[in-house]
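Per-entry structural report
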Amino acid sequence: MCPPLAARQTLPTHEPLRWRRLLAESADGRQGEPMRAAGGVPPPEACALSAAQAGPGGRSAMAGGRDALRTLLRAANALLQQHRYRAALAVLKGFRNGAVYGAKIRAPHALVMTFLFKSGSLREKLKSIAQATYTHSRNLAYFVSTYKGLMALQSRLQGKKIPFHSFFAACIGGWLVFGENNPINSQIIMYLLSRILFGLSRLAVEKGYVPQPKQDPFPLVAALIWGTVLWLFEYHRQTLQPSLQSSMTYLYDDSNVWHDISDFLIYNKRTDGK
């Protein structure tokens, strides 16, 4: 019989170990005899476990639930090892990875950009962050699963994998998923474009289409990039992407305006009350 709480707190230090051993024996159906033969008072954890097991069918229900879970996990793991389902399972995991990766890279970016450059209530800002994260995560999940599905289909139809399969599958996925011209898709496409230009430049050198530079061309590339973007910003601003316009306005236009020390050093702009 379990004692009151005050009595439980005065148990000898050896009591919990003895009762845990007895409870382990009780799992084999010998609960009554060890309990009576033990003497002393069970510790609190023994009382809690005994109470849980003492209910009508409690012990058998718990055991049955654990067995069902083990059976389900074994069946799932066995399915994952089946080679004939590998292509379909790869599509599903691609969907999962696309969703997770999209959320990981978009959420912190949206958080920073929203609180730095957007106005509105806290609720509106949080809604904007959630919407941007969801859109990026969803689109990347759709694209990865579409690409992998088309790759598997082409390989099955032709009996092998060739380089054109990758290009064709990605073209279809890009058209279907990223074809809408919105801020999220625009940022992703521009991100990829810059990487593509660098990659094609390196490939041209590797294949011998362009001679190996005698010195690092990166300083020249950096100079041309910054010269071009500032020329566009100063004289053809409307051609630049809105978030880039906002960033460059903060850096180059807002730094030309101040009234006193508050909006010269502490704040970027004066508050409406001044």
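The structure we're discussing is the one just above.
Predicted model only: the values in this text are computed from it and were never measured.

**Concerning the packing of aromatic side chains**
What the rule picks out here adds up to 7 aromatic pairs. Ring centres 5.3 Å apart and planes at 75° place the aromatic pair Trp-258 and Phe-264 in the edge-to-face group. What makes Phe-264 exposed here is its relative accessible area of 51%. Site record: aromatic cluster; members linked through ring pairs are Phe-143, Tyr-147 and Phe-178. A cation over an aromatic ring shows up here: Arg-237 above the ring of Phe-233, its NZ or CZ 3.9 Å from the ring centre.

**Focus on the packing of helix α6 (residues 86–117) against helix α7 (residues 122–158)**
Relative orientation and spacing of two packed helices are given, respectively, by the angle between their axes and the distance between those axes. The interhelical angle for the contact between α6 and α7, taken along N-to-C directions, is 155°, at an axis separation of 7 Å. By the criterion of interaxial angle, the relationship of α6 to α7 is roughly antiparallel. The crossing of α6 and α7 is right-handed. Looking at the contact of α6 with α7 residue by residue, the classes come out as 20 nonpolar, 10 polar and 3 charged.

**Observations concerning the environment of Val-257**
Of note, Val-257 is situated in the loop between α11 (242–253) and α12 (261–266). Separated by 13 residues in the primary sequence, Val-257 and Arg-270 place their C-alpha atoms 9.9 Å from one another.

**Let's talk about helix α10 (residues 218–235)**
For α10, which comprises 18 residues, the first-to-last C-alpha distance of 26 Å matches the rise-based estimate of 26 Å (1.5 Å per residue) to within 8%. Listed in full, the buried residues belonging to α10 are Val-229, Leu-230 and Phe-233. For α10, the angular spread of the buried residues around the axis is 95°, confining them to a single face. In this structure, α10 carries Leu-220, Leu-224 and Tyr-235 as exposed residues pointing more than 90 degrees from its buried face. In this structure, the buried residues of α10 make contact with α11.

**Observations concerning the layout of surface pockets**
By volume, the second largest pocket amounts to about 440 Å³. Forming the walls of the second largest pocket are 19 residues, and the residues nearest its centre are Met-113, Lys-118, Pro-183, Gln-187 and Ser-243. Taken together, the residues of the lining of the second largest pocket break down into 7 nonpolar, 10 polar and 2 charged.

**A few points about the environment of Arg-237**
Mapping Arg-237 onto the fold places it in the loop between α10 and α11. Measuring from C-alpha to C-alpha, the distance between Arg-237 and Thr-249 comes to 9.9 Å, with 12 residues separating the pair along the chain. Residues contacting Arg-237, with those up to four places away along its chain left out, are Leu-232, Gln-245, Thr-249 and Asp-253. Separated by 3.1 Å, the side chain of Arg-237 and the backbone oxygen of Phe-233 make a polar contact. For Arg-237, the side chain forms a polar contact with the side chain of Asp-253, separated by 2.7 Å.

**A few points about the packing of α7 against helix α8 (residues 163–178)**
Relative to each other, α7 and α8 sit at 145°, their axes nearing to 9 Å. The hand of the α7/α8 crossing is right-handed. The segment α7 lies against α8, with Asn-139, Leu-140, Tyr-142, Phe-143, Thr-146, Tyr-147, Leu-150, Met-151, Gln-154, Ser-155 and Gln-158 engaging His-165, Ser-166, Phe-168, Ala-169, Ala-170, Ile-172, Gly-173, Gly-174, Val-177 and Phe-178.

Reading the values: rules and limits
- Residues numbered from 1 in each chain as written.
- Predicted model: local features only at pLDDT ≥ 70, side-chain atom pairs only at ≥ 80, totals over all residues.
- Heavy atoms only, no water.
- Phe/Tyr/Trp six-rings, centres within 6.5 Å; stacked < 30°, edge-to-face > 60°.
- Buried < 20%, exposed > 50% of the residue type's maximum accessible area, 1.4 Å probe, protein only.
- Lys NZ or Arg CZ within 6 Å of the ring centre and 35° of its normal.
- Axes fitted to C-alpha atoms, helices over the stretch in contact; angles between N-to-C directions.
- Helix = DSSP H or I, 4+ residues; strand = E, 2+ residues; numbered from the N terminus.
- Parallel < 35°, antiparallel > 145°, perpendicular 65-115°, else oblique.
- Left-handed = near helix turned anticlockwise from the far one by under 90°.
- Nonpolar A, V, L, I, M, F, W, Y, C, P; charged D, E, K, R; others polar.
- Expected span 1.5 Å × (residues − 1).
- Arc of directions from axis to C-beta.
- Contact = heavy atoms within 4.5 Å.
- 1 Å grid on protein atoms, 1.4 Å probe; cavity = no way out; pocket = protein on both sides within 12 Å on 5 of 7 lines; lining within 4 Å.
- Points joined across faces, edges and corners; volume = space filled by probe spheres on them.
- Polar contact = N/O pair within 3.5 Å; in protein donor to acceptor, adjacent residues only side chain to side chain.

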